[in-house]
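So you can see what is in the structure, the chains are spelled out below.
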Amino acid sequence: MTDYKNLLKKIHEKYLPSTKGSLASYIPELAKIDPNLFAISITTVDGKTYSHGDINSFFTLQSTSKPFTYGLALMDHGPEFVHQRVGVEPSGEAFNSIIELEKNSHRPFNPMINSGAIAVASMIQDKLLDNNEIYIRSDRMLDLFSSLCGKKLEINEQVFLSEKKTAHRNRAIAHLLRHFDVIGNDIEESLDLYFKQCSVEINIIDLSQMAATLANQGVQPISKIKIYDEQYITDMIGLIFTCGMYDTAGAWAYQVGIPAKSGVSGAIFGVIPGVMGIAVYSPLIDDHGHSVRGVNAIKDISQELKLNIFRQQKR
Ligand code: GLU
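This write-up is about the structure you can find in this document. Being a predicted model, the structure only gives us computed values, none of them experimental. (Residues numbered from 1 in each chain as written. Predicted model: local features only at pLDDT ≥ 70, side-chain atom pairs only at ≥ 80, totals over all residues. Heavy atoms only, no water.)

**Let's talk about the site of the ligand**
As a reminder of what qualifies: Throughout, near means a residue has at least one heavy atom within 4 Å of the molecule or strand. N or O atoms closer than or at 3.5 Å make up a polar contact, with two conditions inside protein: a donor-capable atom paired with an acceptor-capable one, and, for residues adjacent in sequence, both atoms drawn from side chains. Reported accessibility uses the Shrake-Rupley method at a 1.4 Å probe radius. Residues are deemed covered only where the shown protein chains occlude them. Here a cavity denotes a set of grid points, spaced 1 Å apart and computed over the protein atoms alone, in which a 1.4 Å probe fits but from which it cannot get out, and a pocket denotes an open set meeting protein on both sides within 12 Å along at least five of seven lines; residues with an atom within 4 Å of a point are reported as lining. A cavity or pocket is said to hold a molecule if more than half of that molecule's atoms lie within 2 Å of its grid points. Charged residues are taken to be Asp, Glu, Lys and Arg, nonpolar residues to be Ala, Val, Leu, Ile, Met, Phe, Trp, Tyr, Cys and Pro, and polar residues to be all remaining types, Gly included.
Close contacts around the ligand come from Y26, Q62, S63, F95, N114, E163, N170, Y194, C198, Y246, G263 and V264, and that covers them all. Interatomic distance of 3.2 Å between a side-chain N/O atom of N114 and an oxygen atom of the ligand. Relative to its unbound accessible area of 300 Å², the ligand is 99% covered by the protein chains. At a threshold of 2 Å from the grid points, most atoms of the ligand map onto the largest cavity. Partitioned by chemical class, the residues of the shell around the ligand number six nonpolar, five polar and one charged.

Dropping the structure here:
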């Protein structure tokens, strides 16, 4: 039996002294975080969680939210509708690139970069319930994310407002998308949903359970509740793999071989289909927006547990 707990402790000790990277200062609220925070967690598809480090520290999802909202858009509209408006190709560009819209269609390259995620957010609409109540889009997103973690999640209002106030670049992207008719007139509502999904607050165990739900074909491994239709899970994991690490996706595939998604809060998760979800949090990020300790920790976990998905699988 693999001693996961001990492995996570060893990796934590190895990278804790590293102070490489910097805080994501372009969202003012993120620049106030303690740079020493570091937590790692694994949740297996049979529902066992192993964690080490600052497991009670909360952080915001940032871009690790993107695959999960993409999954909601797939369930609401189906892949054809979604992919008329957003592509499935890695862009080779940074997460916040403005120029990267496909040549003729003007679609964003994929749902994992900001332009694609804003386009996806615009597809999540309010729903009229049978009792005539309106189920608002941000509650739909938050309830879905809560079910992934098996507990009620909250939006960190300070981070949400901090990003909303300073999001000139994302606002410019949204207007460009409006110009090309990728999104409709509800530009501010779409941006609000995007900022809110980025500002959902979780801890490392929550993130490893979210990742494990993807690894477990859309079934939350502890509550056993089916969250995503199985048919969309492969779409989600495929795009996490090819586009989740932005302009380092190729090197990541080559060196680590694990579908992974990072966020500028310092969160990063990996999915090993049929095996486990891995999550690491540490807020010092590199120039590509990836947690420095997080990248190293997932690389080591991949190597130690032989998780590279291109290795020969034993059956
Ligand atoms: N909310 C961040 C932004 O839009 C997310 C970026 C990221 O985590 O990569 O800039």
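Let us keep going from here.
**What about a nonpolar patch on the surface?**
To keep things clear, this is the line we draw: Patches were defined on residues exceeding 30% relative accessible area and lacking a salt bridge, with like-charge contacts within 9 Å and nonpolar side-chain contacts (Val, Leu, Ile, Met, Phe, Trp, Tyr) within 5 Å. For this analysis, a salt bridge means a side-chain nitrogen from Lys or Arg found within 4 Å of a carboxyl oxygen belonging to Asp or Glu. Secondary structure follows DSSP: runs of H or I at least 4 residues long count as helices, runs of E at least 2 residues long count as strands, and numbering of each begins at the N terminus. Note on exposure labels: buried denotes an accessible area under 20% of the residue type's maximum, exposed denotes more than 50%, and partly exposed covers the range between, all computed with a 1.4 Å probe on protein chains only.
Residues L128, I134 and I136 make up a contiguous nonpolar surface patch of roughly 300 Å² in combined accessible area. Within the secondary structure layout, I134 lies in strand β5 (residues 134-135). Overall, I134 belongs to the exposed group, its relative accessible area being 56%.

**Comments concerning the packing of aromatic side chains**
Where two aromatic rings form a pair, the distance of their centres and the angle of their planes describe that pair. Cut-off, in case you're wondering: Whether two aromatic rings pair depends on their centres lying within 6.5 Å, for rings of Phe, Tyr and Trp, where Trp uses its six-membered ring; planes under 30 degrees apart make the pair stacked, over 60 edge-to-face, and the rest tilted.
Taken as a whole, this structure holds six aromatic pairs when the rule is applied. For the ring pair Y4 and Y50, a centre distance of 4.9 Å and an interplane angle of 50° mean the geometry is tilted. Of this pair, Y4 sits in helix α1 (residues 4-15) while Y50 sits in strand β2 (residues 49-53); the two residues are 46 residues apart in sequence, bridging distant segments of the chain. With relative accessibility at 19%, the residue Y50 sits in the buried group. One aromatic cluster in this structure is built from F68, F145 and F269.

**Thoughts on the nonpolar core**
Soluble globular proteins tend to bury their nonpolar side chains together. As a reminder of what qualifies: In these notes, a set of buried Ala, Val, Leu, Ile, Met, Phe, Trp, Tyr and Cys residues joined through side-chain atoms within 4.5 Å is what counts as a nonpolar core. Contacts: residue pairs with any heavy atoms within 4.5 Å of one another.
Ranked by internal contacts, the top residues of the largest apolar core, which has 64 residues, are F145, V200, L207, L214, Y228 and F269. Here the element with the most residues in this core is helix α10 (residues 230-243); it accounts for seven residues. Each residue touching L207, except ones within four places of it in the same chain, is listed here: F59, L61, T64, I202, A267, I268, F269 and A279. Listed in part, the 26 residues of the second largest apolar core include L8, I258, I272 and I301.

**Things to note about the sheet that holds strand β7 (residues 200-202)**
For the record, the criterion: Paired strands are those between which DSSP finds at least two bridges.
Here three strands make up an open sheet; going across it, the order is β3-β7-β6 and the pairing antiparallel. In this open sheet, the two strands that pair with only one neighbour each are β3 (59-60) and β6 (154-155). Bridge count between β6 and β7: two bridges; the pairing is antiparallel. Looking across to β7, one finds that E154 is bridged to E201.

**Observations concerning the pattern of salt bridges**
Side chains that differ in sign of charge can pair as their charged atoms come close. Evaluation of the coordinates by the stated rule reveals 14 salt bridges. Among the salt bridges present, the one from R178 reaches D181, with a minimum N-O distance of 2.8 Å.

**Some remarks on empty space enclosed by the protein**
Selection rule: Grid points are joined across faces, edges and corners, and a volume is the space filled by probe spheres set on the points.
For the structure shown, the criterion picks out two cavities of 30 Å³ or more. Considered as a void within the structure, the largest cavity measures approximately 60 Å³ in volume. The wall of the largest cavity is formed by Y26, I27, Q62, S63, F95, N114, E163, N170, Y194, C198 and V264. Taken together, the residues of the lining of the largest cavity break down into six nonpolar, four polar and one charged. The computed volume of the second largest cavity comes to approximately 30 Å³. In terms of lining residues, the second largest cavity is bounded by P90, S91, G92, E93, N110, I113, T242, C243, Y246 and A249. Looking at the lining of the second largest cavity residue by residue, the classes come out as five nonpolar, four polar and one charged.

**With respect to the pairing of β2**
Where strand β1 (residues 39-44) meets β2, five bridges bridge the pair, whose relative direction is antiparallel. When the bridges of β2 are listed, I40 appears paired with H52. Counting the residues between successive antiparallel strands, the hairpin from β1 to β2 contains four residues, one of them, G47, with a positive phi of roughly 90°.

**Looking at the packing of α1 against helix α12 (residues 292-304)**
Our working rule: Every axis corresponds to a line fitted to the C-alpha atoms, with the helix fit spanning only the stretch in contact, and the corresponding angles, defined between N-to-C directions, vary from 0 to 180 degrees. For this classification, under 35 degrees means roughly parallel, over 145 means roughly antiparallel, 65 to 115 means roughly perpendicular, and everything else is oblique. Crossing handedness follows the turn of the near helix against the far one: under a right angle anticlockwise gives a left-handed crossing, and clockwise gives a right-handed one.
Between α1 and α12, the shortest axis-to-axis distance is 10 Å and the interhelical angle comes to 140°. Classified by the angle their axes make, α1 and α12 are oblique. You can see that α1 and α12 cross each other, and the crossing is right-handed. Counted together, L7, L8, K10, I11, K14 and Y15 of α1 and R293, N296, A297, D300, I301 and E304 of α12 form the full contact between these two elements. Here the contact of α1 with α12 is composed, by residue class, of six nonpolar, one polar and five charged.

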